[in-house]
Every structure is written in C-alpha cells, then in structure tokens.
Amino acid sequence: MDEGSKRVLSVDSHLVNSSSCIATLAEGEYVDQTFINSPINVVTGDHIGGDKIIYHVYNGSPIEKQLESNKEKPPKPGIIRRLMSCCKRIPTDTNSETTKKNGANHVPSKHEHVNRNPTDTGEDRALGDHRQIGPSHVRQCWMTDSSNVLQSGLETGQNKNCSHVTTENGGNLKSYTQKDENKLMSSWDGTSRGYNVPGCGWRIALSHTFSEKRKPMMSPGKIFQIHLFAGILARYQKFYRHLKKSNRRPCMDFSHQLTHEQIYGVPAGGIGGGCFNRGWKGEFCRWQLRPGIHEYVTTSANQFILCVRCHGKTVYQKVLSPYSCPRKCLRSWDWNFPANKAFYHALYPRAWTVYEIPHLGLVLTCRQISPVIPHEYTDSSIPAVVFSWHIQNSSDNHYEVSVALAMENGIGTTAARASEGNYNQQFNTDQNCSGITMYNTYFDKMPYTMTLGGRDAIGRKISTCLNFDPASDGSTLWNDLFTDGEFDCADKVSNTASSGQAIGCAVAIKSYVSAKSSTDGVDFALSWDMPVVYFGSKETPHYRRYTRFFGSDGKTGHKIAIYALDNYTNWEEQIERWQNPILSNIDLPNWYKSALFNELYYITDGGTIWLDIPKLEGSSNNQTKSSSSSVREEYLRNTSIVQEYGRFAYLEGHEYRMYNTCDVHFHASIALAHLWPKLELSLQYDIAASILQYDDTPFQFTMDGNWGIVKLPDVIPHDLGDPEDEPWKRVNAYFVHDTASWRDLTPKFVLQVFRDYYVTNDKEFLMNMWPVCLKLMSKSLKYDEDGDGLIETGGAIDQTLYWWSMTGPSAYCGGLWLSALRCILEAGKILDRQHEVKQFEEILNLATKSYQDKLWNGEYFNYCSDQRDQHWDSIMAEQCVGQWYLLACNMADVLPSEKVISSLKKVYKFNVLTFADGKCGAVNGMRPNAKIDQSCMQSQEVWSGATYALAATMIHKGMIHEGFTTAEGIYRSCWEDLGMAFQTPAAIMKHKHHRSLAYMRSLSIWGMQYALERKTSA
C-alpha cells in the first residue's frame, strides 16, 4: 500500500443509509490519501484514540464540519468499495469497549441518563447526536429526494421491498426519478437537523405559510341540477329539525361543514382508544375521546415550556409555540418562539419537532411516539403517547434545562369547563415514575382520566404543579417554574373544580446538561383512560380493546403511562423494522414514503373505535356453523376472530360520520388487510352479519323524497351506523339515498371477501362468507335484464357516483361485476362447490363477451353503453377498478391484458396529464376531446383514494412511471400546496373547492405498496 493510504479501523454506522454519503468504508479497508483530499468530496476524520480514525465521505452535502480540500485529483474508480445497498448493515467497531461488554447490537437503555461529549462521536453538535435507537435509523439527504441517489452512479443491490421491479410493461422503479425540493422548508433559518430525525417524511418549517386555502363544495355542479338540489335542501332541513329535537346532528351535516384549518399533524395514541391531534406548530387539537365524535378545539394551556438556568439564574424561559399570546388568558407566559428556528417532521406514527436557540447554543428535539404497530393487536390498542426530548448543548456553558408540559383538565371549551367534579391527583410509584392524573366527568356516563407522568433518573428531577387556572394570566405556574426550574407543590390532591371553573396541572423534568454535551431520555408519557363508552343513544355499554389488558375500572391511567414509558423503545424498534426496508429503498421517491406512512393517520384519527368482545360461553374456535343455505347472524357477530381480536370501526370521514361505509371501505380496506388483517376479517364479519339484518322503519330519503324502509334483508347496507346513535344495532345511517339497489355494493363486497381470503389464507373465513356472497350475487342477477350475464344500471341513483348517471352496461359497475364473478367462481372451486362453479362460469363467459362488445371502443371502455347519455363515451378514471382487485389476487385473466393496459394509458394521458398539467391526480371524467366531463360535480372531482387505487392498478400492470406520477399529483396537491396534511379530503376540484375533509378512502395508497411487493415476490 502507498504510504498515503489509511486503514479504516471503524465505521460510523449511522451513515450506512444516508443518501448524502457516497461511500462507506468498511473495517479493514484501505483508502488512498488522494481520495481523502479530493476537492469533490467532503471527508471528516474522527480520531478515537491511538491510530484509530473513522472516515465519513460525503458527496458535497452541506454539513457543519468540513475539512479543507486541496486541488489534488480525485481518485480512480474502485479505490474504495461502493456502498452496496441502502439497507445493508455495516458493523460498528467490534474492538470498542462497549461492544465487548454488551455485544454488537447493544442499545443503551432509554432510562439511563446519557451525558455525551462531542469528541465521543466526532459529529458536530449542531448536527445532532446520531446514536442508534433499536434497528438502524434511516438517514437520507437533508432536503432533497432520496431518488437523487439514482443519478450518482453507485452500484446498488436489490432491496426485497420492491427495489428494481421489472414488469410486463417494461417499467421499473428506476425509471421513476423525481427531484424533491421541499418548499415547505423554504422559510426555515436554522442549521441543526436535530436528533435522529429521519430523512423521509413530511417536513415543514414552523414559519411556513400556505398560499391557498380551499372552501367546501356545496353545489351539485350543473345549473340543470339546481332544482333537484333545492328539493334536497328542503327535505334536509326538515330532517335536520327532526334530529335537533333529540339533541342529535345529521351524520352528514351540510350546514356546518368543517373549516379548512392548515394546522394538523400526527395524531397521538394507539388505535381505537380515543386520540387527539398534535398540530405541526405544537397544538393539542382535534380531540376524539368520545367514540366517533371529533371536537375541533385547540386547547391553549396545553404547551411545552422551556426553562434554562446558568450559574444559578434563569436565563431563558419560553413557551415552545410560535403563536402569540391568547387574548384572554395566560398573558404572563412568554410566547412567540421564533418560527423560522424550528421545524416539524412527520412520519406516522412518530413525529419530531426541532427547536433551535442559537444564542444559548441549544437544540431541542421532541420525538412523539404512539404504539401503532402492524400485525400487533395488544399494544396497538393502548391510548397513550410518549414525548421524548433530546437536549444538545454546543456552548461553553453548563446548563440546568427544564422542560415542562402544562395541560388543562379537559379540552378547554366552555361546555367542558361546565362539568362538575373535575380534580387532579399526584401519583408516585416504586418504578421511579411520578406525575398527575386528571379526573374528568365532562362526557355523560363516560368519566375518564388523563395521566401525565415522567420517570426519575440520576441527574434528572421531576416536579409537579398540581393546580393552576388556565383561564387566568398563568403567572402562578410561570413564576414558580422561573424561580428555580422546578414546581413547588406539596399537595397530593387538588380541590374539586366547580361548574365553569378551569383547572390545569403541569409536570417538569429538570436535567443537567454540561458544556459541549447532550442528554436524552427526558420522557413524558400521556395516557387517557375511558374504558367504558356509550354511543349517542346511551343504550349499551361497550368496553374498549385495551381493557382486556389493563382492566375497566377507570383507575389504570397511571399504569398505562408507566407501561408506555417502559415499552416505547420496543415500540420504536418494531416500527423501524416495519418502516426501514421501505425508507431505505433508494428507488422509492421521498414523497411516496411520506404519503405511504402519513396517510395511515386515519387508522388512529378516523373516529376509530376498537372494542373488546367477551368470549361467549360454550363457543368453540373451531366450530363452523355456516352452510350453503343459511348463516346465522349471531354467529357471524361472534366468530372466534371477533372474540379474539375485537370489533373495529372507523368513519367514512370526519364530515361523513358513518361507521364502516361499505362502498368506501372497498378502497381503504387494503391498508387493514395488509397491516392488520385480523381487524379486516373482523370488520367483514360485521358487514356480513348486517347484510342479514332487517329494519322496517319507514324513512323518507332526502335526495328524491321517496319513502322506503331503513334496511331490507339480504342487502348490503351502506354503512354500519352513526356513532351518535347505536352502530351495529341500527345500520344505514345514510339518509340521502336508498342504497338497496346500488349495483356496485354487491361486487365490491364479494371482491373484498376474496381478496381478504387471498391475503390471509383463512379458509374458515371464506367458508363462512360463501353463503352470504352466493345469496348476494344470485340476487344481483335481477339487474341483468337482457340475459347477457352483465348487470345494467338504470340511469338513476343506483351506484356510488349518484350524480354521474349511467345507463345500461357501464365500465364501472360492469367491470366490478366481471371481477366479482371471477372471484365467486374461484371461491367455489376452493370450497368444492361444483354446481355453483358451473353456473357462474357460464355467466362469466357471457358477461365478458358482452362487456367488451358493448363498451370497448378500441382504446378504452366507454363510460356506459347508452349513447343517449351525453357522457356515454367519457373516459372514466376508475374504469379498471375491478381489475385492481383481480390483479391483487393474481387472477387478472378475465379481460385481455392489452385492453386493460390501453385503457390505463388512455386514463393516464387524459385524466392525469391533461388535467391541471398532470399535477393534481386523476380527474374522474374526461371527454374524448380532452375536456373535463362537466356532467356534474362528481365527474369534475379528483378523488384522492381513487387516484391512489388507479396508481396501484398501473403498478400491477407494469406502468410504474405512470402510477407514481399519478399518485404524486394528489399527494403534493393536498399535503404541500393546499395544507391538507392529516386531513386528506374525499375530493378536490381543479380550483377553489374540496369536499369532505379527513376521509377514509386515501388509505388505498397501501394498494401501491402491496402491488410493488407482489411484483418483487413474483
């Protein structure tokens, strides 16, 4: 070796997944000194004792610490070993004392007090301490898309999670590369990346302002439909007044639509135990403690406060919020944290906020962790969140740093404060955990607690403020903390608040942070315990899922908080094992990684309820009571799946307050089937049982004024009920139409059943569903009026796109029907139902021929076959939605592949690229002349979830570039341009308007990931 060469004795493992790192040197390798001094590289060398040096090689990325480069020539190719894969683990220094003592994969306990000196890592303190937590963190380029790495010419290995997918259409992931300059960070004026903040996700400066704010859509879209709208309005007002008499609201409250607030972030809490949203500027907002009911309130008193002391004096105390002081309260607090010195990063179910205080040399990183873990059905139900703080001191001063969390007992509204009997109580445990439990009686028959706690450790002190008045100027709490960075409280229980009186509390954790060091493990746990819940009718008590593990006496809030503090590092390890293979795949663009995980917010924040179902006496897990002729409703509601994993429901949307809406769950269900398949099966059992229900209550529907009954037997319901009534018991809360004749509901249900069987391989589930599916399909044959095997639509309100009428066979309903026939046929083969197999095989052959003969025009499938409809030959974005399901089940053999691809290409060219310059997703309808189909409101809308499903279908068919471009448009429009993060609407228009904020259907983005993984496994 040349004398100028250096031997690498250790490797900084946090760089392994960094897209800004062009090469990682492995232990024992030699690197030429010429390369180290190359002007095109940035190299840092960390001296760790003796002759040991760690080299970090960057491709010109902006970092705070850089060696002076000289003018020597760059190295020849091959001078170092290239990084072979973003997810490849390169071992850390096996000779280190820590490794010898604890093993190569040792992870320091989060309960240890860690006080570090920067020379231990060689990383500039302004960059943050990059100690590993659990599995390797993903580090990617600071403000650019990971796909840029594709241009670097590095050799890359294939990642099993959909890297390097080559498809039948010749596309692959590497053909899709997009630069991702984050305009949401353009106003940020900081320098620190924070602590362990991943490179992928939704990142926004707290100083960012969105340029556009949308309004809700009200009109049906066309002047000739206004007279219909007027009739609907009159009937709606009558229905509204009727409900108001019983103190209820319509499940679709058109008179009180949500305001588009551009504030929301990652929700806090597990699945189905209630939650609240923590906005990207730090707001505690959008509370959903009562099942299925959101309260859009931002609680002013709920704030983190920072107190810094030096040489025995408080030198800094501030609310960590960029907002100004509230008008009527807490005016003694110091607000207005510099918004351009902080940023927020969301990667559900975690989030990070980084605060920079340059004049003190301090950087604080708050990490929010909730227990949302795929294929995990215990901890994922826990109503708790952990806020873990890392404090970094790059100054020459020693500091005492106190972080306090103040909270109001309740959500802060006048109505919430009107409740009597609220009080706070301290708790201390022998697990060195202490804090305050807040007891609240606001919700009728549903008392609850919120517990705020932290853990003591060496070098750390917890103090509590048991009672302060959030409606006052807040000086008592503020001055107490300012005095010495602690709260001085000797009481154990506060006074009980009277009606109208606000009561709050706070917990502070004080740490000593020496000069040029950092500390972490400043952990707050917040839990809420409302074990027994009632829906609006107050008829039946229900027990939340987590009560199976923590009890239902309402006194376990502190136990849940302690459990969260003990287990959140394990939660993070499981989350990272799930996410890292996707995040580390350099072939996937950063926006997609953000969209994929952050759209999952709805699993927590979709009005979700997860109930525990007690096991019935005498039931058997192996007993199958279904037969080909009958299925007992009671059995379907209490199968072993339901009893073991509970009952699950989520709203169609925050503004469409109906549980498990069947036609929309069709799109969203892939997320559950892929990540929590047991919950998906449980949900489908509930839908199957509801199909058998009968409710002969007369009802006048607001759309056409016709009278009907609420629920016919052997018909799929629109939804499983309104949480303001009694869901599951009374279904079909939807009051606009009579959906009993909707043509698309039956095929959608059959497709979901078979897809869920295909994903889970649960044959007992298929057996139980068979009689229901058979009955539904047989009943739907009445819509085949000409005997050609294909169902027809009647030009009326008889499918989901009710404004956009279809007459005769249609691409949408007909395509779904073909796919459902194929699935029922395959299910019959699996269950050895030869008679039914023969019957449906004949129908499928007839229907397939008729579908192509009547709808195929040489390029795509016409919207419908009746040429008297002015839009009969429109190009519908979802004409291949039935094929999406068949492709997911590896059965795309009904229609010729070339016709499906041709249709998808037509949709891509017209509905995607021609609409809004290809930057807004897929508009529902386009005319052959490249104009938007203006038949109605729905034809002019872009449906976010339908766009993601279309993208998934394209990926299944090998149209990788087209699929990603299609999905990118709707994501960037909603999340980056319009400020609709964590409230993706059902639909947006090209200009000005949206419809139904925070909607279920966008979970269909997981269909894209499912398609990518299937391509890879194939």
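Parameters and conventions
All residue numbers refer to positions counted from 1 along the written sequence of the respective chain. It should be noted that, the model being predicted, local features are given only for residues of pLDDT at least 70 and side-chain atom pairs only at 80 or more, the latter also being counted only at that level, while totals for whole chains, interfaces and linings use all residues. Note that the side-chain values use all heavy atoms of the structure and ignore hydrogens as well as water. Orientation is described by axes fitted as lines to C-alpha atoms, over the contacting stretch for helices, and by angles from 0 to 180 degrees between their N-to-C directions. We count a stretch as a helix when DSSP gives it H or I for four or more residues in a row; a strand needs E for two or more, and each element gets its number in order from the N terminus. In this scheme, roughly parallel covers angles under 35 degrees and roughly antiparallel covers those over 145, while 65 to 115 is roughly perpendicular and the rest are oblique. Handedness of a crossing follows from how the near helix is turned relative to the far one, being left-handed for an anticlockwise turn of less than a right angle and right-handed for a clockwise one. We call two residues in contact whenever any of their non-hydrogen atoms come within 4.5 Å of each other. Between any two strands, pairing holds if DSSP finds at least two bridges. Remark: exposure states derive from per-residue accessible area (1.4 Å probe, protein chains only) relative to the maximum for the residue type, with buried under 20%, exposed over 50%, and partly exposed in between. A side-chain nitrogen of Lys or Arg and a carboxyl oxygen of Asp or Glu constitute a salt bridge if their distance falls within 4 Å. When two rings of Phe, Tyr or Trp (its six-membered ring) have centres within 6.5 Å they constitute a pair, described as stacked for plane angles under 30 degrees, edge-to-face for angles over 60, and tilted for the intermediate range. For a lysine, the NZ atom is tested; for an arginine, the CZ atom; a charge sits over a ring if that atom is within 6 Å of the ring centre and within 35 degrees of the ring normal. Any residue outside Ala, Val, Leu, Ile, Met, Phe, Trp, Tyr, Cys, Pro, Asp, Glu, Lys and Arg is labelled polar, Gly included; the first ten of those are nonpolar and the last four are charged. Here a polar contact means two N or O atoms within 3.5 Å. Within protein one must be a hydrogen donor candidate and the other an acceptor candidate, and residues neighboring in sequence count only if both atoms are side-chain atoms. Helix span, expected: 1.5 Å multiplied by one less than the number of residues in the helix. What we call the bend at a residue is the angle made by axes fitted to the seven residues finishing there and the seven residues starting there. A residue's pLDDT is the confidence the predictor assigns to it, expressed on a 0 to 100 scale.

Asks: I'm lost on the packing of helix α15 (residues 763-780) against helix α16 (residues 811-830) in this one. Help?
Replies: For any two helices packed against each other, the geometry is given by the interaxial angle and the distance between the axes. Between α15 and α16, the shortest axis-to-axis distance is 10 Å and the interhelical angle comes to 135°. In terms of orientation, α15 lies oblique with respect to α16. Pair α15 / α16 crosses with left-handed handedness. Every residue of α16 that contacts α15 at Lys763, Leu766, Trp770, Cys773, Leu774, Met777 and Ser780 is listed here: Trp817, Ala820, Leu821, Ile824, Ala827, Gly828 and Ile830.

Asks: Before we go on, may I ask you to explain the sheet that holds strand β18 (residues 423-428) in this structure?
Replies: Across a sheet, paired strands are connected by hydrogen bonds in the backbone, their directions being either parallel or antiparallel. Read from one edge to the other, the open sheet built from 9 strands follows the order β6-β13-β14-β15-β16-β23-β20-β19-β18, with strand pairing classed as antiparallel. On the outer flanks of this sheet lie β6 (202-205) and β18, each paired with one strand and no other. Pairs of neighbouring strands in the sheet enclose a mean axial angle of 15°, with direction left out of account. Here strand β20 (residues 448-455) pairs with strand β23 (residues 517-529) via 6 bridges, running antiparallel. When the sheet's bridge partners are listed, Gly453 is paired in β23 with Ala525. Along the sheet face, helix α8 (residues 590-598) touches β6 and β13 (342-347) and points at about 70° away from the line of β13.

Asks: Explain the pairing of strand β12 (residues 313-319) here, please?
Replies: Two faces belong to every sheet, and in a regular strand the side chains alternate between them. Counting buried positions over the 7 residues of β12 gives 5, a clear majority of the element. As paired elements, strand β11 (residues 303-310) and β12 share 6 bridges and run antiparallel to each other. Paired with Val308 across the strands is Tyr316, a residue of β12. The antiparallel pairing of β11 with β12 creates a hairpin that spans 2 residues between the two strands, and His311 there sits at a positive phi of about 55°.

Asks: How should I be thinking about the pattern of salt bridges in this particular structure?
Replies: Charged atoms that come close allow side chains of opposite charge to pair. One pass over the full model with this rule turns up 43 salt bridges. The partner of Glu539 in a salt bridge is Arg730, and the shortest N-O contact between them spans 2.4 Å. Note that Glu539 is positioned in the loop between β24 (532-533) and β25 (542-543) and Arg730 in the loop between β29 (707-711) and α14 (745-760), a separation of 191 residues in sequence. Among the residues examined, Glu539 registers a relative accessible area of 36% and is labelled partly exposed. The exposure class assigned to Arg730 is partly exposed, which follows from its relative accessible area of 26%. A salt bridge links Asp853 to Lys849, with the shortest nitrogen-to-oxygen separation between them at 2.7 Å. Taken as a pair, Asp853 and Lys849 lie in helix α17 (residues 834-855) at a separation of 4 residues, close to a single helical turn.

Asks: Just checking my understanding: could you explain the packing of aromatic side chains for this structure?
Replies: Per the counting criterion, the structure on display carries 58 aromatic pairs. A centroid spacing of 5.9 Å and a plane angle of 15° characterise the contact between Tyr355 and Trp389, whose relative ring orientation is stacked. On the criterion of sequence distance, the pair formed by Tyr355 in strand β14 (residues 350-357) and Trp389 in strand β16 (residues 384-393) is long-range, its members being 34 residues apart. Neither residue differs from the other here; Tyr355 and Trp389 are each classed as buried. A cation over a ring is seen here: Arg286 above Tyr264, with NZ or CZ 4.2 Å from the ring centre.

Asks: It is not clear to me how the packing of α14 against α16 should be interpreted in this structure. Could you clarify?
Replies: Direction vectors running N to C along α14 and α16 enclose 45°, while the axes themselves pass 8 Å from each other. By the angle class used here, α14 and α16 are oblique. You can see that α14 and α16 cross each other, and the crossing is left-handed. Contacts between α14 and α16 involve Pro747, Lys748, Val750, Leu751, Phe754 and Tyr757 on the former and, on the latter, Tyr812, Leu816, Trp817, Ser819, Ala820, Cys823, Ile824, Glu826, Ala827 and Ile830. Residue composition of the contact of α14 with α16, grouped by class: 13 nonpolar, 1 polar and 2 charged.

Asks: Explanation requested: the side chain of Ser494 in the structure shown.
Replies: Looking at where Ser494 falls in the secondary structure, it is placed in the loop between α5 (475-484) and β22 (504-513). Ser494 sits in the buried class, given a relative accessible area of 9%. Side-chain polar atoms of Ser494 contact the backbone nitrogen of Asn424, separated by 2.8 Å.

Asks: I would appreciate a short explanation of the sheet that holds β22 in the present structure.
Replies: Strand order in the open sheet formed by 5 strands is β12-β11-β17-β22-β21, and the pairing between neighbours is antiparallel. Looking at which strands have only one partner, the edges of the open sheet turn out to be β12 and β21 (460-468). Strand-to-strand twist in this sheet, taken as the mean axis angle between neighbours without regard to direction, amounts to 20°. In this structure, strand β17 (residues 399-408) lies alongside β22, joined through 10 bridges in antiparallel fashion. By the bridge assignment, Glu400 is partnered in β22 with Tyr512.

Asks: Explain the environment of Pro371 to me, please; I cannot follow it from the model alone.
Replies: You can see Pro371 is positioned in the loop between β15 (362-369) and β16. A sequence separation of 196 residues divides Pro371 from Asn567, and the C-alpha atoms of the two residues are 9.3 Å apart. Setting aside chain neighbours within four positions, we find Pro371 in contact with Gly269, Gly270, Asp379, Ser380, Ile382, Ala384 and Trp571.

Asks: What's the story with unusual backbone geometry in this structure? I'm lost.
Replies: The phi torsion of most residues other than glycine is negative, and most of the peptide bonds are trans. With omega at 10°, the peptide bond leading from Tyr348 into Pro349 counts as cis. Located in the positive-phi region is Leu330, a residue other than glycine, with phi close to 55°. The backbone phi angle of Asp832 is positive, close to 60°, even though this residue is not glycine. Looking at the secondary structure, you find Asp832 in the loop between α16 and α17. You can call Asp832 exposed: its relative accessible area is 54%.

Asks: It is not clear to me how helix α22 (residues 960-977) should be interpreted in this structure. Could you clarify?
Replies: For the α-helix, the turn length of 3.6 residues means that residues three or four positions removed from each other point alike. Between its first and last C-alpha atoms α22 spans 24 Å; for 18 residues at 1.5 Å apiece the expected length is 26 Å, and the two agree. Where α22 bends most, at Tyr971, the angle is about 25°. Counting buried positions over the 18 residues of α22 gives 16, a clear majority of the element. Positive backbone phi, at 70°, marks Gly979, one or two positions downstream of α22.

Asks: Just checking my understanding: could you explain the confidence of the model for the chain for this structure?
Replies: Close inspection of predicted coordinates is inappropriate in any region flagged by low pLDDT. Summarising the model, the chain shows a mean pLDDT of 84, and 79% of its residues fall at 70 or more. In this model residues 617-631 is a low-confidence stretch, pLDDT under 50, and it forms 25 contacts with partners more than four residues away in sequence or in other chains.

Asks: What is the right way to look at α16 in this model?
Replies: Over its 20 residues, α16 runs 28 Å from end to end, which matches the ideal 28 Å to within 8%, given 1.5 Å per residue. Among the 20 residues of α16, 17 are classified as buried, and the element is accordingly described as predominantly covered. Positive backbone phi, approximately 60°, marks Asp832, located one or two places after α16.

Asks: Explain the environment of Asp704 here, please?
Replies: Structurally, Asp704 is set in the loop between β28 (695-700) and β29. Judged by relative accessible area, which is 41%, Asp704 ranks as partly exposed. Taking the C-alpha atoms as reference points, Asp704 and Gly231, separated by 473 residues in sequence, lie 7.8 Å from one another. Within the local environment of Asp704, its side chain forms a polar contact with the backbone nitrogen of Asn706, the two atoms lying 3.0 Å apart.

Asks: Hey, could you run me through the environment of Lys328 in this one?
Replies: Examined against the element boundaries, Lys328 turns out to sit in the loop between β12 and β13. Taking the C-alpha atoms as reference points, Lys328 and Ser472, separated by 144 residues in sequence, lie 7.9 Å from one another.

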